[in-house]
Amino acid sequence: MYIEFDPVIILLDTVLQKRHAYRHVIFNTQFEAYWKLAFFYVICDAYVMWTREKTLYEDASSKEEPYFYAIEWDFYIMCIKALVETMVYFLTVIACGELVFRFCRQSPGIERPRLKTVANGLLLASVGKFLAVPAIVWGQSNNLIYVALARLVIVVSSVQAFSVMWEVRSSIALVTVGSGFLAQALVRLLWSHPFS
């Protein structure tokens, strides 16, 4: 049970990846702007994908001005791709969560979490996507180490949130969340090499 009420302490405990803080944030807070978080995450993902593609084409065509505008239009396409990748991740984690619930429960009296709670918990766990904002400001959106650390924050947060929501061990949560990221990576691979 978590009885802290100071939002700063709860935020710090969440950043420190404490399970009781995740349980409190997921089940006890009255946050209602999840769709805004989802929208912002899609924009962040799209921007990271767009800047990677943009730098690839800037090296290839340094002085072609009309081509630059075509790349600008591609940002909207990247938003659609980021939305599809996010949906694939969520659906994979939720489907694996159902399998985990049926076959790997720690105790038989545990109730299945509601779909809305799972989706909201996964959105909250994706808070590492906010790290795209400092990456943009500092010009680090193509830095592999920065991107890997941001992804690590998202993975660890997602594992904690999943293990709290479904009440399973962290190892099972890691496999489940990892399968979601694997499905997302396969979709990303499909974008870059479509049936060739």
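No experiment lies behind these values; they were computed from the predicted model shown.

Draft legend 1. Region of the structure containing the packing of aromatic side chains. Scanning all chains against the criterion turns up 10 aromatic pairs. Taken together, a centroid distance of 5.7 Å and an interplanar angle of 70° make the contact between Tyr89 and Phe90 edge-to-face. With a relative accessible area of 4%, Tyr89 lands in the buried category. For Phe90, a relative accessible area of 11% corresponds to the buried category. Taken together, the ring pairs connect Tyr47, Trp50, Phe75 and Tyr76 into an aromatic cluster.

Draft legend 2. Looking closely at the packing of helix 2 (residues 19-28) against helix 7 (residues 144-166). In contact at an axis separation of 9 Å, helix 2 and helix 7 are set at 70° when each is read in the N-to-C sense. The orientation of helix 2 with respect to helix 7, classified from their angle, is roughly perpendicular. Residues Arg19, Tyr22, Arg23, Ile26 and Phe27 of helix 2 form the contact with helix 7, whose participating residues are Ser157, Gln160, Ala161, Ser163, Val164 and Met165. Counted by class, the contact of helix 2 with helix 7 contains 6 nonpolar, 3 polar and 2 charged residues.

Draft legend 3. The packing of helix 7 against helix 8 (residues 170-192), seen in detail. Two numbers describe how helix 7 lies on helix 8: the axes approach to 8 Å, and their chain directions differ by 130°. It follows that helix 7 is oblique to helix 8 by the angle criterion. Seen from above, helix 7 lies across helix 8 with right-handed handedness. On helix 8, the residues touching Arg151, Ile154, Val155, Ser158, Val159, Gln160, Phe162 and Ser163 of helix 7 are Ser170, Ala173, Leu174, Thr176, Val177, Phe181, Gln184 and Arg188. A per-class count over the contact of helix 7 with helix 8 returns 8 nonpolar, 6 polar and 2 charged.

Draft legend 4. Local environment of unusual backbone geometry. Non-glycine residue Gln17 carries a positive phi angle of around 65°. Along the chain, the position of Gln17 falls in the loop between helix 1 (7-15) and helix 2. Phi angles above zero are rare outside glycine, and Glu167 is one such case at about 55°. Positionally, Glu167 belongs in the loop between helix 7 and helix 8.

Draft legend 5. Highlighting helix 7. Compared with the 33 Å implied by 1.5 Å per residue over 23 residues, the 32 Å span of helix 7 between its first and last C-alpha is a close match. Where helix 7 ends, the next residue or the one after it, Glu167, has phi of about 55°, a positive value.

Draft legend 6. Quick look at the pattern of salt bridges. Applying the stated criterion to the full structure yields 4 salt bridges. For Lys18, the salt bridge is made with Asp13, and the minimal N-O distance between the two is 3.8 Å.

Draft legend 7. Looking closely at the nonpolar core. Residues Tyr89, Leu122, Phe162, Met165, Trp166 and Val168 are the most contacted members of the largest nonpolar core, which totals 27 residues. Residue assignment for this core shows that the elements contributing at least two residues are helix 2, helix 3 (34-60), helix 4 (65-103), helix 5 (115-125), helix 7 and helix 8. Every residue in contact with Leu122, bar those within four places of it in the chain, is listed here: Tyr89, Phe90, Val93 and Met165. One finds Met49, Trp50, Phe75 and Cys79 within the second-largest nonpolar core, a separate group that totals 8 residues.

Draft legend 8. Up close: helix 8. The end-to-end C-alpha distance of helix 8, which contains 23 residues, comes to 32 Å, matching closely the 33 Å that a straight helix rising 1.5 Å per residue would cover. By the burial criterion, the buried members of helix 8 are Ile172, Ala173, Thr176, Val177, Gly180, Phe181, Ala183, Gln184 and Val187.

Draft legend 9. Structural context of a nonpolar patch on the surface. Together, Val127, Phe130, Val133, Val137 and Trp138 line one region of the surface with nonpolar side chains, adding up to about 480 Å² of accessible area. Position of Val137 relative to the elements: it lies in helix 6 (residues 132-138). Classification of Val137 by relative accessible area gives exposed; the value is 63%.

About the cut-offs
- Residues numbered from 1 in each chain as written.
- Predicted model: local features only at pLDDT ≥ 70, side-chain atom pairs only at ≥ 80, totals over all residues.
- Heavy atoms only, no water.
- Phe/Tyr/Trp six-rings, centres within 6.5 Å; stacked < 30°, edge-to-face > 60°.
- Buried < 20%, exposed > 50% of the residue type's maximum accessible area, 1.4 Å probe, protein only.
- Axes fitted to C-alpha atoms, helices over the stretch in contact; angles between N-to-C directions.
- Helix = DSSP H or I, 4+ residues; strand = E, 2+ residues; numbered from the N terminus.
- Parallel < 35°, antiparallel > 145°, perpendicular 65-115°, else oblique.
- Contact = heavy atoms within 4.5 Å.
- Nonpolar A, V, L, I, M, F, W, Y, C, P; charged D, E, K, R; others polar.
- Left-handed = near helix turned anticlockwise from the far one by under 90°.
- Expected span 1.5 Å × (residues − 1).
- Salt bridge = Lys/Arg side-chain N within 4 Å of Asp/Glu carboxyl O.
- Core = buried A, V, L, I, M, F, W, Y, C linked by side-chain atoms within 4.5 Å.
- Patch = residues over 30% accessible without salt bridge, like charges linked within 9 Å, V, L, I, M, F, W, Y side chains within 5 Å.
- Areas by Shrake-Rupley, 256 points an atom, 1.4 Å probe, with all protein chains shown as cover.

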